[in-house]
Amino acid sequence: MELSVLRHSCSHIMAMAVKELWPDVHLAIGPSIEDGFYYDFDKKEPFSDDDLAKIEQKMLEIIRKDEPFVREELKRKDALELFGRLGETYKTALINEIPDESVSIYKTGSDFVDLCRGPHIESSGKIKAFKLLSLAGAYWHGIETNPMLQRIYGTCFESQKELDDYLSDLEQAKLRDHRKLGPALELYDLYQDEAGPGLVFYHPKGAMVRKLIEDYEKEEHLKRGYKMVITPHIMQAGLWQKSGHYDFYKENMYTFKIEEKEFVLKPMNCPGHILIYKSKIRSYRELPVRFFELGTVYRHEKAGVLHGLLRVRGFTQDDAHVFCLPAQLKSEIRAIIDFVFSTMKVFGFDSMDIELSTRPEKSIGSDDDWRQATGGLEESLKELGLKYDINEGDGAFYGPKIDIKLKDALKRSWQCATIQCDFALPKRFNLTYVDADGKEKQPIMLHRVLLGSVERFIACLTEHYAGAFPLWLAPVQAVIIPLKEAQIEYAAQVKQALDENFIRTEVDSRNETLDRKIREAEMSKAPYILVLGGREQKAGTVSVRKRKAGDQGSVPLQEFIANLKLQIAHREH
RNA sequence: GCUGGAGUAGCUCAGUCGGUAGAGCACGUCCUUGGUAAGGACGGGGUCACGGGUUCAAUUCCCGUCUCCAGCUCCA
């Protein structure tokens, strides 16, 4: 049986339980979703956490009674009459949205009836393992201006074991939460009360991780023919009016006045790159022009959407803009996709999903431009033989985009890379190049990020690795532990030798027991621990303890260094 | 922004049915010199998120604000 059918039926049973407990509650919708199901209710008093237990109890009773799910077809006017009589106004609203002349309903037990397409399980007794998970508010039909309903989330599996595994996965994910791990590992933190919400502070270790990411990116962009640029953090409002961002996102932009002139804290890097492109006459010979910037931008996101490093108000994009000839469009897109894949591989991600997002309702540019832009993206994907889903109407206001979502160690999806094809801004800013025939023509502009926001990507990495970064990314690659005071001097020598080889170390010379220092070094997730006792000192060796693998015995210092340098050079995982 | 929940030491939390607070870890000092995941003793540390109100007295009750959490909506 389909899991979604089981879950959908379970949501009916939940609705039935709620109706038995609170008869005046009105039902909205209750579908199955990726990890379970929910049902939206209209109830005056809010549900409490205790109510969840009560509802579960009632559901168990219904399941024990093994009530059949009975399907009936009704003429729409009969259905309207039925749900009207029951006072289920959300159901009558739904019926009015269904074009068909007849609709189906499902009856369970003596009183419960729900408008539903089905299918369902035969009877409630088929539910073997379920759990209600959480309460939330949700707008009717998901529209912000509609009344808010109360949603109960739950999940259901075919066996108790699968349910237990799912719940334990949730626990695992919680343990990896970057909002806990980041501060605990002294990587980064936010100081909401003092600095304001959504602003990230990198502590030394987090700043090191970021430096390593940035080093990789700069090196790789230069290798792939990008030129680095740097643009200011504030620019006059007129520039944003011209680009269209001002009209679309004014509410989310930080604006202020200086000497009567309005300025904007940059929320995007594109206008800056456009100005640089426009700084001189461009020949078709020099295209494609590729500008790369680690551009820090500020967006005034609504308070309720902020989330750790995933959704912040100040962040840095690994942003690039490619200005190219129409004939170069597809090869440039393919090159970017290749860049995304190779970058993700370097950071330890193997699995990715691709989505193509098309023209949204509110947008700029002509139909023809949109057709060409979307076609360019789609054909490139096809040429590369990549599978993708279409996300209708989810493009940027100036162009369609390819989103590449990576899957982490817990198979969770993260939106990072995006490639946007833009005919609109080149037109708005009157970008040109001189073609072979001497005529001025308009280049196509590609916007793209690989990691997206560096902040977001660091959060993703933190959760993917559960804080145990691979050697090349680890902020501290080895913790050096002198066994006794007599080895502090030797520890300093070892540290210096490692320093000279650009291996990042810390010496723990505190007056603590070896066990404690090892415990703390392990908890800091350092890839290596070097224990230095009298034996090592005498022999010029280091006793190597590898993260997760444990004690590896003693090796000569130079051998250890050579081994690490090799691993780091290959960016091994 | 919306719905619901929450804010007590650096962290995890207890507590006060109104009389200005406590544990473990962390931190400091001393003792201990330990061979691969927590040695011992003592000690310092709090405007109980912030602002107002009620009260002889507010961390506790009331109102407002801020921030966080679970979602919804949004994400150039």
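Position numbers for residues count from 1 along each chain, tracking the sequence in the order it is written. Each chain takes a letter, starting from A, and each ligand takes a number, starting from 1, following the order in which they are written. Note on the predicted model: pLDDT of at least 70 is required for a residue's local features to be given, and 80 or more for side-chain atom pairs to be given and counted; whole-chain, interface and lining totals, by contrast, use all residues. By convention in this description, side-chain values take in all heavy atoms of the structure and omit both hydrogens and water.

Colleague: If you had to explain the packing of aromatic side chains to someone new, which residues and values would you point to?
Modeller: Here a ring pair, both rings aromatic, is described through the centre-centre distance and the interplanar angle of the planes. Ring pairs are drawn from Phe, Tyr and Trp, using the six-membered ring of Trp, whenever the two centres fall within 6.5 Å, and their geometry is named by plane angle: stacked under 30 degrees, edge-to-face over 60, tilted for the rest. Across all of its chains, the model carries 21 aromatic pairs by this definition. Ring centres of Y39 and F41 lie 5.2 Å apart, and the angle between their planes is 25°; on these two criteria the pair is classed as stacked. Pair check on accessibility: Y39 and F41 agree, each one buried. Aromatic pair F397 and Y398: ring centres 5.0 Å apart, planes at 75°, arrangement edge-to-face. Classification of residues uses two cut-offs on accessible area relative to the type maximum, computed with a 1.4 Å probe and protein chains only: under 20% is buried, over 50% is exposed, and between them is partly exposed. By relative accessible area, which is 6% here, Y398 ends up buried.

Colleague: Which residues make up helix α17 (residues 514–523), and what values do they have?
Modeller: Helix and strand definitions follow DSSP, with helices as H or I runs of at least four residues and strands as E runs of at least two, each counted in order from the N terminus. Along α17, the positions that sit buried rather than exposed are K517, I518 and A521. Burial along α17 is one-sided: seen end-on, the buried residues are contained in an arc of 100°. Those residues of α17 that are exposed and aimed more than 90 degrees away from the buried face are D515 and R519. On its buried face, α17 is in contact with β24 (478–482), β26 (528–532) and β27 (541–546). The arc in question is traced by the directions running from the helix axis to the C-beta atoms. When checking whether two residues touch, look at their non-hydrogen atoms; a contact exists if any pair is within 4.5 Å.

Colleague: Would you mind going over the pattern of salt bridges in detail, with residue names and values included?
Modeller: A side chain with one charge can pair with a side chain of the opposite charge if their charged atoms come near. By definition, a salt bridge exists where a carboxyl oxygen of Asp or Glu is found within 4 Å of a side-chain nitrogen of Lys or Arg. For the coordinates displayed, the defined rule picks out 45 salt bridges. Of the charged contacts in the structure, one is a salt bridge between R510 and D508, with a shortest N-O distance of 2.9 Å. The exposure class of R510 is partly exposed, given its relative accessible area of 38%. Through salt bridges with shared partners, one network takes in D508, R510, E512, R516 and E520.

Colleague: Just give me the short version of the protein's contact with RNA strand B, but keep the residues and values in it.
Modeller: We call a residue near a molecule or strand whenever a single non-hydrogen atom of that residue lies within 4 Å of it. The immediate surroundings of RNA strand B are formed by 54 residues, with Y139, M268, N511, R519 and S543 found nearest. Within 4 Å of the protein, the contacting atoms of RNA strand B are drawn from sugar and phosphate to the extent of 48%. The term polar contact refers here to a pair of N or O atoms within 3.5 Å; inside protein, the definition further demands a hydrogen-donor-capable atom paired with an acceptor-capable atom, and it admits residues adjacent in sequence only when both atoms are side-chain atoms. Contact between RNA strand B and E144: a sugar or linking oxygen at 2.9 Å from a side-chain N or O atom of the residue. The separation between a phosphate oxygen of RNA strand B and a polar side-chain atom of R179 is 2.9 Å. Those elements that provide at least two residues to the surface near RNA strand B are β7 (129–139), β8 (148–157), α6 (178–184), α7 (192–195), α10 (245–249), α17, α18 (534–539) and β27. Top element by residues in the surface near RNA strand B is α17. It accounts for seven residues.

Colleague: If you had to explain the domain arrangement of chain A to someone new, which residues and values would you point to?
Modeller: Under the domain assignment used here, chain A contains domain 1 (3–176), domain 2 (187–231 + 267–464) and domain 3 (471–569). The split of the chain into domains comes from an automatic or database domain assignment. If you average the C-alpha positions of domain 2 and of domain 3, the two centres end up 40 Å apart. Buried area: the sum, over both parts, of the accessible surface (1.4 Å probe) that disappears when the two are put together. Buried surface at the junction of domain 2 and domain 3, summed over both partners, amounts to about 670 Å²; 81% is from carbon and sulfur atoms. Linking domain 2 to domain 3 there are zero salt bridges. Summed over the shared surface of domain 2 and domain 3, the number is zero residue pairs in polar contact (both at pLDDT 80 or more). No other element matches helix α8 (residues 204–223), which puts five residues into the side of domain 2 that touches domain 3. Each residue is assigned to one of three groups, with Ala, Val, Leu, Ile, Met, Phe, Trp, Tyr, Cys and Pro labelled nonpolar, Asp, Glu, Lys and Arg labelled charged, and all others, Gly among them, labelled polar. Class assignment of the residues belonging to the side of domain 2 that touches domain 3 gives a composition of eight nonpolar, no polar and one charged.

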